Amino acid sequence: MSAVLHALSLTGSMAWEITWALVLGFGLSAVVQAVVRRSTVVAALGDDRPRTLALAAGLGAASSSCSYAAVALARSLFRKGADFTAAMAFEIASTNLVVELGIVLALLMGWQFTAAEFVGGPVMIVVLAVLLRAFLTPALLRAARAQADRGLAGSMEGHAAMDMSVRRGGSFLRRLCSPEGVTATAHVFVMEWAAILRDLVAGLLVAGAIAAWVPDAFWRSFFVAGHPLAAKLWGPLIGPLVAMASFVCSLGNVPLAVVLWKGGISFGGVVAFVFADLLILPILGIYRKYYGTRMALFLLGAFYVASAVAGYVVEFVFGGLGLVPDQARARIPQEGVTLNYTTWLNVAFLALAAALLVRFFRTGGREMLRTMGGAPAGGHHEGHGGPGGRRGR
């Protein structure tokens, strides 16, 4: 019982440390999604030129999602006419280049990991684009499109099909501050939390259990931490495999990344682990439903190579610049609730979250929650303030 309580204590401490950052990140994302229409995103992703991929990365970073919703949204964009490579770039960015991930990495691991996220993420997208251009055959792409058009349900289909943006015209600020804009922001905010909560809780519980029960000596041996060069070469290769086996994706894998870093995995190995959130086994099964077995295997290989290369680039660039933090100073938050800046920030941002939650339920949110995991046709939700939309009150 004491071991269980210790694991739960570590879980609670990590959760308390990052709560305000999650509310801030999802709040910023909700603001953007409330005023950027889904049709605008599709129209911008019609090819795989570098400029288009950069735009896809920017739009994805502004449209943060849980990994399941990101994968479902990428297929939706592909079916509506977006280029496949651009849709994959959007998918990567919407889970690995988002503000909340950067803030959580900084809080739990250090600013260097946040910098590595924003350096390694574009590297991963570039590597993936090169692999798709070099090895993705027209026949395989046609087969994937035919399978995608069948519309088989994976996970979070209803959530991915919802376009909750404001339909009214005007400037960004005018639309955002309108009653419809406030409602749309509340809807996006709560729906993103509903989508991520399962993985976040699972990740915190897994990380707490591993931190409490698995000795560091095991991880140091597994990651060959006693041999610096071997560890740097081994980390980006094994990191994605650990992520695949963990079944935890999106922000939920950051607490486990803290445990692995403290246990001895290399700097690049941590980055490759975090970037492999789109390769966990349940998502590979969804790829198979969406695009067929051959494309699922192709994506497995392409995403694995891209995340490993990003890990190597970050490892040696940051190492060469002397920016890799001292691993001996790695820590797992254990303070819990104390009277410090974290507590005051949590109180303030939880109050904001409560206000958005109230707005959500007063403007039809309960119905949206019931449809978020349904099939694409059943999960569609028109934008706010337009034809068929739900006006804020």
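Counting restarts for each chain: residues are numbered from 1 in the order of the written sequence. Under the rules for a predicted model, residues below a pLDDT of 70 receive no local features and side-chain atom pairs below 80 are neither given nor counted, while totals for whole chains, interfaces and linings still include all residues. No hydrogens and no water enter the side-chain calculation; it runs on all heavy atoms of the structure.

Colleague: Tell me about the overall build of the chain, and name the residues and values.
Modeller: When helices and strands are tallied, the chain shows 20 helices and zero strands. Note on classification: 1.4 Å probe, protein chains only; a residue is buried when its accessible area is under 20% of the maximum for its type, exposed when over 50%, partly exposed between these limits. Burial status across the chain gives 55% buried among its 393 residues. Contacts are assigned to residue pairs that have any heavy atoms within 4.5 Å of one another. Restricting to contacts in the chain with at least 6 residues of sequence separation, those with at least 24 account for 84%. As displayed, the chain has an accessible area near 15900 Å², and 67% of this comes from carbon and sulfur atoms. Secondary structure counts use DSSP, requiring at least four H or I residues in a row for a helix and at least two E residues in a row for a strand, with both numbered from the N terminus. Each accessible area is a Shrake-Rupley result for a 1.4 Å probe, and residues are judged covered by the shown protein chains and nothing else.

Colleague: Any chance you could break down a nonpolar patch on the surface for me, citing the residues and the numbers?
Modeller: A patch consists of residues exposed above 30% relative accessible area that lack any salt bridge, with like charges linked at up to 9 Å and nonpolar side chains (Val, Leu, Ile, Met, Phe, Trp, Tyr) linked at up to 5 Å. Between Lys or Arg on one side and Asp or Glu on the other, a salt bridge is scored when a side-chain nitrogen of the former is within 4 Å of a carboxyl oxygen of the latter. On the surface, Val 4, Leu 5, Leu 8, Leu 197, Val 201, Leu 205 and Trp 213 cluster together into a nonpolar patch covering about 640 Å² of accessible area. Looking at the nonpolar patch, the elements that each hand over two or more residues are α1 (2-35) and α11 (179-213). Of the residues forming the nonpolar patch, the biggest block, four residues, is contributed by α11. With respect to the helices, strands and loops of the structure, Leu 205 is situated in helix α11.

Colleague: Can you explain the pattern of salt bridges? Please cite residues and give values.
Modeller: With the rule as written, the count across this model stands at four salt bridges. Put simply, Asp 48 and Arg 133 hold a salt bridge, and the shortest N to O gap is 3.0 Å. One end of the pair, Asp 48, is in the loop between α2 (38-44) and α3 (50-62); the other, Arg 133, is in helix α7 (residues 111-135), and 85 residues separate them in sequence. Of the residues examined, Asp 48 reaches a relative accessible area of 26% and is grouped as partly exposed.

Colleague: Give me the confidence of the model for the chain: which residues, what numbers.
Modeller: In the predicted model, the chain carries a mean pLDDT of 84, and 88% of its residues have values of at least 70. By mean pLDDT, the top-scoring element of the chain is helix α17 (residues 293-320) (97), and the lowest-scoring one is helix α20 (residues 376-379) (43). pLDDT is a per-residue confidence score from the predictor, ranging from 0 to 100. In the predicted structure, residues 376-382 sits below a pLDDT of 50 and forms 22 contacts with residues beyond four places in sequence or in another chain.

Colleague: A description of helix α15 (residues 267-275) should follow, citing residues and the corresponding values.
Modeller: A large share of α15 lies buried, amounting to nine of its nine residues. Its buried side turned inward, α15 meets α5 (84-96), α6 (99-108), α7, α13 (228-246), α14 (253-263) and α17.

Colleague: Explain the nonpolar core residue by residue, including any values.
Modeller: What we call a nonpolar core is a set of buried Ala, Val, Leu, Ile, Met, Phe, Trp, Tyr and Cys residues that are connected through their side-chain atoms within 4.5 Å. One finds Met 88, Tyr 287, Tyr 291 and Phe 303 to be the most contacted residues of the largest nonpolar core, which totals 118 residues. Examining the composition of this core, we find that 12 residues originate from one element, α11, more than from any other.

Colleague: Run through the packing of aromatic side chains, naming residues and quoting values.
Modeller: Any two of the Phe, Tyr and Trp rings considered here, Trp counted by its six-membered ring, make a pair once their centres fall within 6.5 Å; the pair's planes then place it as stacked at under 30 degrees, edge-to-face at over 60, or tilted in between. Counted according to the given criterion, the structure contains 17 aromatic pairs. Taking 5.1 Å as the distance between ring centres and 75° as the angle between the ring planes, the aromatic pair formed by Phe 113 and Trp 261 counts as edge-to-face. Highlighted residues: Phe 113 in helix α7 and Trp 261 in helix α14, separated in sequence by 148 residues. Comparing Phe 113 with Trp 261, the two get one shared label, buried. Relative to Phe 222, the ring of Phe 218 lies with its centre 6.0 Å away and its plane at 10°, an arrangement referred to as stacked. Here the residue Phe 218 and the residue Phe 222 both occupy positions in helix α12 (residues 216-222), the gap between them amounting to four residues, near one helical turn. The structure contains a cluster of three or more aromatic residues connected by ring pairs, namely Phe 78, Phe 84, Tyr 290 and Tyr 291.

Colleague: So, helix α4 (residues 67-79): which residues are in play, and what are the values?
Modeller: The α-helix advances 3.6 residues per turn, and as a result positions three or four apart in sequence lie on the same side. For a helix, the expected span equals 1.5 Å multiplied by the residue count minus one. Across its 13 residues, α4 extends 19 Å between first and last C-alpha, which sits within 8% of the 18 Å expected from 1.5 Å per residue. A large share of α4 lies buried, amounting to 12 of its 13 residues. Listed as buried for α4 are Ser 67, Tyr 68, Ala 69, Ala 70, Val 71, Ala 72, Leu 73, Ala 74, Arg 75, Ser 76, Leu 77 and Phe 78. A positive phi of about 120° marks Gly 81, the residue just after α4.

Colleague: Which residues make up the side chain of Asn 346, and what values do they have?
Modeller: Within the secondary structure, Asn 346 is located in helix α18 (residues 341-362). For Asn 346, a relative accessible area of 0% corresponds to the buried category. Counted as a polar contact is a pair of N or O atoms within 3.5 Å, where, for protein atoms, one must be capable of donating a hydrogen and the other of accepting one, and residues adjacent in sequence contribute only when both atoms are in side chains. A polar contact is formed between the side chain of Asn 346 and the backbone oxygen of Trp 16, at a distance of 2.8 Å. Dropping the residues within four chain positions of it, Asn 346 is found in contact with Trp 16, Thr 19 and Trp 20.

Colleague: Mind laying out unusual backbone geometry, listing which residues take part and the relevant values?
Modeller: Despite not being glycine, Val 224 shows a phi value in the positive range, around 45°. Take Val 224: it is sitting in the loop between α12 and α13. Exposure remark for Val 224: the relative accessible area of 27% places this residue in the partly exposed category.

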